[in-house]
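# Examination of the molecular architecture
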Amino acid sequence: MIVYWLCFILFLVGLYGVITKRNLIKIAISLSIMEFSTFLFFTLIGFREGGVAPIVDPADPVKTYVDPLPQAMVLTAIVIGLATTAMLMSVIIRLYRKYGTFDIREIKNLKG
Amino acid sequence: MNDFISIASQPSVSAAVQFMILLPLLAGLALFCIPEKLRLYKGLITLVVSILTAYQAVIVYGTENLVLCLPGLPGTTQGSELINDACRYITFNLDKLSELVLIFISLFAFLIILYSLIYMREGKVRNYYAYFLITLGCSYGAVLSDNLLLFLIFWGLLGLTLYKLIHGHDEESSATAKKTLILIGASDSIMIIGIALIWRITGSLSISGVSVPTTNILTIIAFLALLTGSFTKAGAFPFHTWVPDYAKDAPASSSAYMPASLDKLLGIYFLARITMNIFELSDGLRLLLLSVGVISIISAVMMALIQHNYKRLLGFHAVSQVGYMILGFGLGSMIGIAAGLFHMVNNAIYKSGLFLSAGCVGYRTGKDEIEDLGGLSKMMPVTFITSLIFAMSISGVPPFNGFASKWMIYQGIIEFGSGAGAANKLWILWLALAVLGSALTLASFIKFIGGIFLSRRKTEFENVKEVPALMWLPLAVLALLCILFGVFATKVVVPRLFMPVSGTFEFPGFWDSSFVSLLVIISLALGFLIYAALNLKKFRREDSFIGGEKMQEQAAYPTPEFYKTFTEFRLLSVIYKKAEEKWFDIYDLSKRFVLWTSHLLSETHAGLLPGYVVWACAGIIIMLMIMI
């Protein structure tokens, strides 16, 4: 149980970074932290105490396997996360070219 | 639902109903295809269509109460499942009330289209005739339809054509058009709520088949919602504010057609439906109706007194007259309902007449303000005499029709006073305010007639001519109707036209309109004889009496300054000032509220990312708390 809480705390660390940091790069890093905390959470859900990799061997029938589905999903999600991070970075670079700063307080064209 | 009367026995009626609704609509759509250059031909087509539909309305008049539904109408195949289902929604109701309103809709459409042939020759409004015909078809549809949803469709289309019949040539008139559309549209959406509530309460949407007692909160809300729609259409306080602006900025024939006649007929028709058929009114709601009635009368007439633009002055009167009709329906007695309907018809006659004569003045002089005009009575005698008749009718001078219906309303109020109940106890208040409103109407029409037709003539108007015959002919017909309805009110008009709707009743007081008219004519003749018999040469010349005000040296005849003292009284000055700042305008009030809210919302857009993240997280947390 404690590991799930640790995942949640890691998520909150990322959230804290997104909310408080003003540097866009740091925000991107915080987003990645949040992302990875969820990946960790998923793989931990699939983990079984004393389980082995789910390769069925008829000669040696093992009772418990680790659930492979979250692992496969997370593997995909990591790749997608990489792509989104790259996308984020390119947006940040564009923003830097336009505004000449990483400080989000300077970038506020959304202001009502 | 009620059982449908076999249509086979009445094929001509159902064909007429179908014809009346579909012909103007289709002809109107077809007119969009004809180029604007052939405007005169479009006008002539419209005239022919209006005559044809009027003929159908006359045919239909006098048939027994009927509920028609779609499969019975000619041209639809029997037995199709789709059509059988649609039958629940497409039903038409013919009774005495709708027949009466149909006749007058046709009459006004015909007269105004005759007038428009000349007045609209310049093409002030694009596709004027097409929208005119669509309005005509929708009005017939709204009056005839029995299903509330069908009614709502026609009713909503009328709001759209009202918007298109005004020409947005500058910022002010565009703003007026927008205001009209928003007010009418908002009231229509409130009506949808009311209709949904009725459906919820009774499970039926048929106007003729529903009767809801207003006892619990749900029915009262439904009633108020439908009342809002009716009041906005008819232009009663507090939803009246589009009427004066529309009157000022729209072409005179448009304002004579929609706010002065058709919208009054339809709004009051719907008021009659909801007070007589759909709901059974409780005592508190009667009190509400009566107070709204007198507030409409007094507030609008007070505003009319101080207007300088003569069309706007007429617009405020269009509001104040609605108050009398609401008073009539608020009474709820037979004489009250008959009086309300009679006043509705009378008001449509003289008010469209007044708008048309205002259009004649504008057509020949091009001026909008009373102070720019003067002394037109010699140049435009027909317009002058007809406007004088209309003005006397609206002010309730016997023997014209305005007096006849107002007198019936007063009689109704006096009779109403004998009942027990909170509203009945206050009868003297309603009566006093209604009479006061009538007097103030006369006062403001002295300004209208005096400022435009009498007073000293300006040199620039030396060459003004009378309008063409096609323009004064409708005026003459309307003026004739004013006199006829007034003179034969008690003997012919009310028993023949209005008693079938309201039920037969006896007039409480002694009043025979024909006899009194005879007396009026005799006294006028006597007065003329005395005048002629005495020596004419001996008379004094005096300055014009201007109500004890100080004469202004620069103005020859300062009619527009009449009643300016009103605005300087202590309490009234505050009210007038607030009214000028549009504190009583429900449109401006809601506009301010919407702008304030959106300002508040735009304040929250700081443009900073962390702020948005906090909002998003807070939203997620609240959602989780609700869902878990």
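Residues numbered from 1 in each chain as written. Chains lettered and ligands numbered in written order. Predicted model: local features only at pLDDT ≥ 70, side-chain atom pairs only at ≥ 80, totals over all residues.

This part is about the overall build of chain A. Each helix and strand counted, chain A has three helices and zero strands in total. Going from N to C terminus, chain A has its helices and strands arranged as α-α-α. Over its C-alpha atoms chain A spans a radius of gyration of 20 Å, topping by over 25% the 13 Å that the globule rule assigns to 112 residues. Considering only C-alpha atoms, chain A reaches an extent of 65 × 25 × 20 Å along its principal axes. Burial statistics for chain A: of 112 residues in total, 6% are counted as buried. Partitioning the contacts of chain A with sequence separation of at least 6, the portion at a separation of at least 24 is 49%. (Helix = DSSP H or I, 4+ residues; strand = E, 2+ residues; numbered from the N terminus. Rg over C-alpha atoms; globule rule 2.2 N^0.38 Å. Buried ≥ 20, exposed ≤ 12 C-beta atoms within 10 Å, placed from the backbone. Contact = placed C-beta atoms within 7 Å.)

This brings us to the overall build of chain B. Counting its regular elements, chain B contains 23 helices and four strands. A compact globule built from 628 residues should have a C-alpha radius of gyration of about 25 Å, and chain B, at 26 Å, falls within 12% of that. Viewed in the frame of its principal axes, chain B has a C-alpha envelope of about 95 × 75 × 65 Å. A buried classification covers 46% of the 628 residues belonging to chain B. Residue pairs in contact within chain B that sit at least 24 positions apart in sequence constitute 81% of those at least 6 positions apart.

Turning our eyes to something else, we now look at the interface of chain B and chain A. Each partner contributes to the interface: chain B provides 10 residues, whereas chain A provides 10 residues. Among the elements of the structure, helix H22 (586–604) and helix H23 (609–627) of chain B are those that each provide at least two residues to the side of chain B that touches chain A. Classifying every residue of the side of chain B that touches chain A by side-chain character gives six nonpolar, three polar and one charged. (Nonpolar A, V, L, I, M, F, W, Y, C, P; charged D, E, K, R; others polar.)

When its domains are assigned, chain B resolves into domain 1 (281–533) and domain 2 (594–627). Just the C-alpha atoms count here: the centres of domain 1 of chain B and domain 2 of chain B sit 56 Å apart. (Domains from an automatic or database assignment.)

Another aspect to go through is the environment of Tyr163 of chain B. Relative to the helices and strands, Tyr163 of chain B resides in helix H6 (residues 148–164). Exposure remark for Tyr163 of chain B: the 20 C-beta atoms within 10 Å place this residue in the buried category.

A word on helix H21 (residues 570–580) of chain B. Burial within H21 of chain B is sparse, with just zero of its 11 residues counted as buried. Lys582 of chain B sits one or two positions beyond H21 of chain B and adopts a positive phi of about 65°.

Our next topic: the pairing of strand S2 (residues 91–94) of chain B. Residues and elements named next belong to chain B. Residues Thr91 and Asn93 of S2 are buried on one face, and the alternating residues Phe92 and Leu94, pointing to the opposite face, are buried as well. Strand direction decides the pairing type here: strand S1 (residues 66–69) and S2, joined by four bridges, are antiparallel. Looking at S2, one finds that Leu68 is bridged to Phe92. (Pairing = 2+ DSSP bridges.)

Here we take up unusual backbone geometry. Residue and element names in this part refer to chain B. The step from Phe237 to Pro238 runs through a cis peptide bond, and the omega angle for that step is 0°. With respect to the helices, strands and loops of the structure, Pro238 is situated in the loop between helix H8 (217–234) and helix H9 (242–249). Positive phi is not limited to glycine here, since Asn127 has a value of about 55°. Positionally, Asn127 belongs in the loop between helix H4 (96–119) and helix H5 (128–144).

Under the 1.5 Å per step criterion, the end-to-end length of helix H15 (residues 401–416) of chain B is 23 Å for 16 residues, consistent within 8% with the ideal 22 Å. For H15 of chain B, a buried count of 13 out of 16 residues is recorded, marking the element as mostly surrounded by other parts of the structure. (Expected span 1.5 Å × (residues − 1).)

Turning our eyes to something else, we now look at the packing of H5 of chain B against helix H10 (residues 252–278) of chain B. The axes of two packed helices give the description: the angle between them and the distance between them. Residues and elements named next belong to chain B. For the pair H5 and H10, the least separation of the axes is 11 Å and the interaxial angle reads 15°. Looking at the two axes, H5 sits roughly parallel to H10. For the crossing formed where H5 meets H10, the hand is left-handed. Counted together, Thr135, Ser139, Ala142 and Val143 of H5 and Leu262, Leu266 and Tyr269 of H10 form the full contact between these two elements. Here the residues of the contact of H5 with H10 sort into five nonpolar, two polar and no charged. (Axes fitted to C-alpha atoms, helices over the stretch in contact; angles between N-to-C directions. Parallel < 35°, antiparallel > 145°, perpendicular 65-115°, else oblique. Left-handed = near helix turned anticlockwise from the far one by under 90°.)

Turning to the packing of H4 of chain B against helix H18 (residues 469–487) of chain B, a few remarks are in order. Residue and element names in this part refer to chain B. Where H4 contacts H18, the axes come no closer than 7 Å and their chain directions differ by 155°. Classified by the angle between their axes, H4 and H18 sit roughly antiparallel to one another. Judged by the twist between their axes, the crossing of H4 over H18 is left-handed. Residue-level contacts link Leu111, Ile112, Leu114, Tyr115, Leu117, Ile118 and Tyr119 of H4 to Leu470, Met471, Leu473, Pro474, Val477 and Leu478 of H18. Classifying every residue of the contact of H4 with H18 by side-chain character gives 13 nonpolar, no polar and no charged.

In low-pLDDT regions, the fine details of the predicted coordinates are not to be read closely. Residue and element names in this part refer to chain B. Chain-level statistics for chain B give a pLDDT mean of 84 and a share of 91% at 70 or above. This stretch, residues 1–8, has a pLDDT under 50; its non-local contacts, to residues over four places away or in other chains, come to 14 contacts. In the model output, the complex is listed with pTM 0.82 alongside ipTM 0.71. (pLDDT = per-residue confidence, 0-100.)

Another point: the nonpolar core. Residues and elements named next belong to chain B. Ranked by size, the top nonpolar core spans 178 residues in total, and within it Ile105, Leu265 and Cys482 carry the most contacts. Ranked by the residues each element gives to this core, the list is headed by helix H13 (residues 334–365), at 18 residues. In this view, Ile105 contacts Ser139, Tyr140, Val143, Leu262 and Leu265; residues no more than four positions away in its chain are not counted. (Core = buried A, V, L, I, M, F, W, Y, C linked by C-beta atoms within 7 Å.)

With respect to the helices and strands, Ile2 of chain A occurs in helix H1 (residues 2–20). For the pair Ile2 of chain A and Asn23 of chain A, spaced 21 residues apart in the sequence, the C-alpha separation amounts to 32 Å.

Along the polypeptide, Ala15 of chain B turns up in helix H1 (residues 11–31). C-alpha separation for the pair Ala15 of chain B and Gln56 of chain B, spaced 41 residues apart in sequence, amounts to 9.2 Å.

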